[in-house]
Each structure stands twice: as structure tokens, then as C-alpha cells.
Amino acid sequence: EAGVTQSPRYAVLQEGQAVSFWCDPISGHDTLYWYQQPRDQGPQLLVYFRDEAVIDNSQLPSDRFSAVRPKGTNSTLKIQSAKQGDTATYLCASSFPDNNQDTQYFGPGTRLLVL
Amino acid sequence: SQWGEENLQALSIQEGEDVTMNCSYKTYTTVVHWYRQDSGRGPALIILIRSNEREKRSGRLRATLDTSSQSSSLSITAAQCEDTAVYFCATDANNNNAPRFGAGTKLTVKP
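Bear in mind that the values here come from a model prediction, so they are computed numbers and not experimental data. (Residues numbered from 1 in each chain as written. Chains lettered and ligands numbered in written order. Predicted model: local features only at pLDDT ≥ 70, side-chain atom pairs only at ≥ 80, totals over all residues. Heavy atoms only, no water.)

Asker: Help me out: how do you make sense of the overall build of chain B in this one?
Answerer: Counting secondary structure elements, chain B contains zero helices and 10 strands. In chain B, the succession of α and β elements from N to C terminus is β-β-β-β-β-β-β-β-β-β. With 111 residues in all, chain B has 46% of them scored as buried. Relative to all contacts within chain B whose residues are 6 or more apart in sequence, the contacts with residues 24 or more apart total 54%. Accessible surface for chain B amounts to roughly 5300 Å². Of this, 44% is attributable to carbon and sulfur atoms. (Helix = DSSP H or I, 4+ residues; strand = E, 2+ residues; numbered from the N terminus. Buried < 20%, exposed > 50% of the residue type's maximum accessible area, 1.4 Å probe, protein only. Contact = heavy atoms within 4.5 Å. Areas by Shrake-Rupley, 256 points an atom, 1.4 Å probe, with all protein chains shown as cover.)

Asker: I keep staring at the side chain of Thr103 of chain A and nothing clicks. Help me out?
Answerer: Among the secondary structure elements, Thr103 of chain A is positioned in the loop between β9 (88-95) and β10 (105-106). With a relative accessible area of 13%, Thr103 of chain A lands in the buried category. Contacts of Thr103 of chain A, omitting those with residues within four sequence positions, involve Ser94, Ser95 and Phe96 of chain A together with Leu45 of chain B.

Asker: What is the right way to look at the layout of surface pockets in this model?
Answerer: If a probe the size of a water molecule is rolled over the atoms, the empty space left behind becomes visible. Empty space within the largest pocket amounts to approximately 720 Å³. When contributions to the lining of the largest pocket are tallied by element, the ones reaching two or more residues are β2 (10-13), β9 and β11 (110-114) of chain A together with β8 (85-91) of chain B. Of the residues that constitute the lining of the largest pocket, the class distribution is 12 nonpolar, nine polar and seven charged. (1 Å grid on protein atoms, 1.4 Å probe; cavity = no way out; pocket = protein on both sides within 12 Å on 5 of 7 lines; lining within 4 Å. Points joined across faces, edges and corners; volume = space filled by probe spheres on them. Nonpolar A, V, L, I, M, F, W, Y, C, P; charged D, E, K, R; others polar.)

Asker: It is not clear to me how the state of the cysteines should be interpreted in this structure. Could you clarify?
Answerer: Among covalent bonds in proteins, the disulfide is the one between the sulfur atoms of two cysteines. Residue and element names in this part refer to chain A. Enumeration over the complete set of coordinates arrives at two disulfides over all chains. Between the sulfur atoms of Cys23 and its disulfide partner Cys92 the distance amounts to 1.9 Å. With the S-S dihedral at roughly -70 degrees, the linkage between Cys23 and Cys92 falls on the left-handed side. Separated by 69 residues along the polypeptide, Cys23 in strand β3 (residues 19-24) and Cys92 in strand β9 bring together distant segments of the chain. (Disulfide = S-S within 2.5 Å.)

Asker: Can you walk me through the sheet that holds strand β5 (residues 55-58) of chain B in this structure?
Answerer: Within a sheet, neighbouring strands are paired by backbone hydrogen bonds and run either parallel or antiparallel to one another. All names here are of chain B. The four strands lie next to each other as β2-β7-β6-β5, forming an open sheet whose pairing is antiparallel. Each edge of the open sheet is held by one strand with a lone partner, namely β2 (19-24) and β5. Neighbour-to-neighbour, the strand axes of the sheet open up by a mean angle of 15 degrees, direction not taken into account. Alignment of β5 against strand β6 (residues 61-66), held across four bridges, turns out to be antiparallel. Note on β6: the bridge partner recorded for Lys56 is Ala63. (Pairing = 2+ DSSP bridges. Axes fitted to C-alpha atoms, helices over the stretch in contact; angles between N-to-C directions.)

Asker: Before we go on, may I ask you to explain a positive patch on the surface in this structure?
Answerer: Together, Arg9, Arg39 and Arg111 of chain A together with Lys106 of chain B give the surface a local cluster of positive charge. With respect to the helices, strands and loops of the structure, Arg9 of chain A is situated in the loop between β1 (5-7) and β2. (Patch = residues over 30% accessible without salt bridge, like charges linked within 9 Å, V, L, I, M, F, W, Y side chains within 5 Å. Salt bridge = Lys/Arg side-chain N within 4 Å of Asp/Glu carboxyl O. Lys, Arg positive; Asp, Glu negative; His and termini not counted. Charge placed at Lys NZ, Arg CZ, Asp CG, Glu CD.)

Asker: Hey, could you run me through the nonpolar core in this one?
Answerer: As a rule of thumb, soluble globular proteins bury nonpolar side chains together. If you look at the biggest cluster of nonpolar residues, it comprises 23 residues, and the most contacted ones within it are Phe21, Trp34, Leu77, Ile79, Tyr90 and Leu112 of chain A. Of all the secondary-structure elements, those providing two or more residues to this core are β2, β3, β4 (31-37), β5 (44-50), β7 (65-68), β8 (75-79), β9 and β11 of chain A. In this structure Leu77 of chain A touches Val19, Ser20, Phe21, Trp34, Leu46, Leu60, Phe65, Ser66, Ala67 and Tyr90 of chain A, once residues within four positions along its chain are discounted. Formed by 20 residues, the second largest nonpolar core is a distinct cluster that contains Tyr25, Ile76, Ala85 and Val109 of chain B. (Core = buried A, V, L, I, M, F, W, Y, C linked by side-chain atoms within 4.5 Å.)

Asker: Sorry if this is basic, but what is going on with the pattern of salt bridges here?
Answerer: In a structure, side chains of opposite charge can pair up when their charged atoms sit close to one another. Residues and elements named next belong to chain B. Taken as a whole, this structure holds six salt bridges over all chains when the rule is applied. Between Glu55 and Arg57 there is a salt bridge, and its shortest N-O distance comes to 3.0 Å. For Glu55, a relative accessible area of 37% translates into the label partly exposed. Close ionic contact of Arg62 with Glu55 constitutes a salt bridge, the shortest N to O distance being 2.9 Å. For Arg62, a relative accessible area of 27% gives the class partly exposed. Taken together, the shared-partner salt bridges connect Glu55, Arg57 and Arg62 into one network.

Structure (C-alpha cells):
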């Protein structure tokens, strides 16, 4: 079974530039999560979807970040006008309820450096 | 914040030693997940313990959960070099099935 895939694996931007990250979850997984992981910190939830619906985006900086999952499968996270503080690894995860256990499977992440 | 500690902790031990990592959380949860993250990779779930369990074992791993003190621990018996990784605990804040992660413990096992 293929795991969660993300692209690109690395991105380097100047402040003010835009960038998009793509995530392809495990086939059949209805829930998809985006996390931001700054260096030497734990992953911090940005947004998550069940199918195409946003369940929680309360931690997503809405002025510059947006996330979509239009068909309930792949997802895109976009940063408009990146800032140095956005430097982090962006992780995508997916899950499917199985015996009341939502086990998350994470992709390898996209490492973003904003200069 | 969900967590009592905010900064990555670091532990260094010798191969063959036992080690215990702790985490505390502030809000109610029905489950504590323990993940390990290897360098350059995403976290991977290694053990999950529910609020009605006090202890859970999986191979050399043992997790405990004390809901009264809102704390959990992960122990590794006879650590091996390949156990070197960052270990996180995560809780399901507000029971909405989106795990929230603590700061983590960077474990180094030396030969």
C-alpha cells in the first residue's frame, strides 16, 4: 500500500513569495491533516478535513494561508506572501476510522526555508 | 496551550539501558498517542493508550496513562541504537480526533 506522498520535498523562497504544497493521502482515507513543524518543536495542527469539508481551521493563519481538498482526496496548502517565520516542515497526514482508532499516517513533509 | 512543557527535551543513554520519557497535558483527552520521528521523516505512531487503560505494552515499549494527574509515560527497555529518534506524545484535544502534539523528547542511544 502506498503511503502519504507530498511534493515538493524542499522549497526555498524569498519573503513575499507564494508557495503551494501538495498532499496525496492513502487511498480510502477520509480525513486529511496539515501540520506545521518548526525546527525542534512538535507538529502543530493547521487544518484538517473530513472528505472535502473543513473540520477545524482555527489554527490556520487565514490572512496568508489557505487549504483546499475539493474532491475529498488530494489537498493543497498555499502560503501567500511567505514570511521568515513560516520556515518549517509542513506535514500532511491521513487517517480512516478503524475500530474506533483514528491512526494517522504521515507523509515525509515539505521543508520550507523563507529567506 | 495543551501542554505543560513547550521545549524539546534531550536524553542521551547507552545501548542496553532502560529509559522513560514523560509528558503532561492540560486538557481532557480520551487517548494518548506516542509517535517517533526519525530525521527527515514524518512521525509514525508506535503505541496508543486510551483513558480506560493504565498501561499498554508493545514489544520493548511500555506506555502508562494517569488521567488523574493528566500525564503519560513511554518506557523503552534495553534501548538499541536504532531507537534514536524524537518521541512525541499527542492527545485528542476536545475529542475531535485531530491529535495535538507536545514538544517531544530527542533520544540518543549511544553504542
